[in-house]
Structure formats: structure tokens, C-alpha cells
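Read off the chains here:
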Amino acid sequence: MGRTAVVERNTSETKIRISLDLDGKGNARIDTGIGFFDHMLTSFAKHSLIDLEVKTEGDLRVDGHHSVEDTGIVLGSAIKEALGEKQGIRRYGSMMLPMDDALVMCAVDLCGRPWFAYDLNFTMPRIGELDSELIKEFFYAVSYSAAINLHLKQMDGSNNHHIAEAAFKAFARALREAVSLDPRVEGTPSTKGCI
């Protein structure tokens, strides 16, 4: 049985449907109504090798906050559902990812306990159509709805586009490692017997 999920969430502010396959090839069909956010999610899919379809209809006449945060909630829920009992996974993943001037570190633990540490420094209020502060809201929502430990830290960089893209790609590569199956792991990778 494949490690896949389809999650929908409908509120008075957003209507979101996400489908994903953790064992995909990185194919993406993304439509959130926010161009730069679409670009980031497409990069995430490509570098995580997760097949990802995202359709977000949100109240963009207000701003992008609900669309971005709620997309993070649904993506995190889909990751959690697709992982199931987490049998045979590596559990941990990390990546130090350079993109021109930017260098971003990401580390994840699929431990079932949410924690989020964030240190990215944006100097512009917007990147394309995306409010810079919403990048933090997105990753926070993913970490808590997926119940994962997620650390994102900027080591260097001044170009806001590069910093954001390095963060999404670093998360993609760290998650790709953490969800991958290790044939030597029997059951779940925890002394507790479950995660």
C-alpha cells in the first residue's frame, strides 16, 4: 500500500485540497493564487521527490495570510496521514542548502511531537505576491499539523528570494531523507516502540 494522502479543509476563509505521494518523483500541480508561493511549493515537491497537488481558494481580497497558513495546516496533515505508523522510516533528516548568497540549514525529526524553531531574516515585506512574514506561518503550521520537530536557520544571505527558496528546498531535502525507508529498520525507529 502506497504512502499517499488526500486531505481537504473547508472554512469560511479557505477551501483547500492537497494530495501527495511520499514515494513519488517530485511532480507538482500547484495553484494557491499566490505566484511566489506556488513557485516555492513546486520547488518543495521537486526536491523532496513528493508528488504534490495543491488547490487553494482563499480570501486573497483580504490578504494571503489565511491561504498560506491553512495550506501549511493541510500539507502537514497530509504528510502525517501518509506516514501512517512510520514503519521503517529513517525518522531524521537534515540539509545545509546553499543558493547563491543564501545558506539555510534545516533539520527534521518525525517524532510525533511538534516543535518549531525559526531563524530566517527577511529585509523586504514582500517577495512577489507573498508577504515575507507568512513564510514563518507556513512552516509553523506544517510542523504542528504534521507533529514534527522542524528547525530552520539562516546561516548567510541577503537576497530575500534566495533565502526563501533555500529554506523551502532545505526543508524538502531534509524531509526526503526523514521519510525515506531504511531496510535495516524494523518497526518504528524509537526505543518507545512507536512515534
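Let me begin by describing the structure that accompanies this report. (Residues numbered from 1 in each chain as written. Predicted model: local features only at pLDDT ≥ 70, side-chain atom pairs only at ≥ 80, totals over all residues. Heavy atoms only, no water.)

A word on the overall build of the chain
- Helix and strand counts for the chain come out as four helices and ten strands.
- Beginning at the N terminus, the succession of helices and strands in the chain can be written as β-β-β-α-β-α-β-β-β-β-β-α-β-α.
- Relative to the 2.2 N^0.38 estimate, which gives 16 Å for 195 residues, the radius of gyration of the chain is 16 Å and therefore close to what a compact globule would have.
- Overall, the C-alpha framework of the chain stretches about 50 × 40 × 30 Å when taken along its three principal axes.
- When the 195 residues of the chain are sorted by exposure, 50% land in the buried category.
- Of all intrachain contacts in the chain linking residues separated by at least 6 positions in sequence, the fraction that spans at least 24 positions is 76%.
- Per element, the accessible surface of the chain, about 9,300 Å² overall, is 49% carbon and sulfur.
- Taken as two groups, the 22 positive and 28 negative side-chain charges of the chain have centres that lie 6 Å from each other. (Helix = DSSP H or I, 4+ residues; strand = E, 2+ residues; numbered from the N terminus. Rg over C-alpha atoms; globule rule 2.2 N^0.38 Å. Buried < 20%, exposed > 50% of the residue type's maximum accessible area, 1.4 Å probe, protein only. Contact = heavy atoms within 4.5 Å. Areas by Shrake-Rupley, 256 points an atom, 1.4 Å probe, with all protein chains shown as cover. Lys, Arg positive; Asp, Glu negative; His and termini not counted. Charge placed at Lys NZ, Arg CZ, Asp CG, Glu CD.)

Brief notes about the packing of helix α1 (residues 35-48) against helix α4 (residues 160-179)
- Contact geometry for α1 and α4: axes closest at 8 Å, N-to-C directions at 35°. Crossing handedness for the pair α1 and α4: right-handed. Of the residues in α4, those touching α1 at F36, F37, H39, M40, L41, S43, F44, H47 and S48 are H161, A164, E165, F168, K169, F171, A172, R173, L175 and R176.
- Each residue belonging to the contact of α1 with α4 can be placed in one class, and the counts come to ten nonpolar, five polar and four charged. (Axes fitted to C-alpha atoms, helices over the stretch in contact; angles between N-to-C directions. Left-handed = near helix turned anticlockwise from the far one by under 90°. Nonpolar A, V, L, I, M, F, W, Y, C, P; charged D, E, K, R; others polar.)

Brief notes about the sheet that holds strand β7 (residues 115-119)
- The four strands lie next to each other as β5-β6-β10-β7, forming an open sheet whose pairing is mixed. One side of each edge strand has no neighbouring strand; the edge strands of this open sheet are β5 (92-99) and β7. For this sheet, the mean angle separating the axes of adjacent strands, direction not counted, is 10°.
- The strands touched by helix α3 (residues 133-146) within the sheet are β7 and β10 (149-156), with β7 carrying the most contacts at an inclination of about 160°.
- Contacting β5, β6 (102-109) and β10, α4 crosses the sheet at an angle of about 150° to β5. (Pairing = 2+ DSSP bridges.)

As for the environment of V108
- As for its placement among the helices and strands, V108 is situated in strand β6.
- Distance from V108 to V179, taken between C-alpha atoms, is 10.0 Å for residues 71 residues apart in sequence.
- Excluding its chain neighbours within four sequence positions, the residues that come into contact with V108 are R91, Y92, G93, N149, L150, F171, A174, L175 and A178.

A short note on the sheet that holds strand β2 (residues 14-21)
- One open sheet holds the four strands; their spatial order is β1-β2-β4-β3, and the pairing between them is mixed. Unpaired on one side and paired on the other, β1 (4-10) and β3 (28-31) mark the two borders of the sheet. Neighbour-to-neighbour, the strand axes of this sheet turn through a mean angle of 5°, independent of strand direction.
- Pairing between β2 and strand β4 (residues 51-58): eight bridges, direction antiparallel.

Side note on unusual backbone geometry
- With a phi close to 55°, D100 is a non-glycine residue in the positive phi region.
- Of note in the backbone geometry, A147 takes a positive phi value of approximately 55° without being a glycine.
- Tracing the sequence through the fold places A147 in the loop between α3 and β10.

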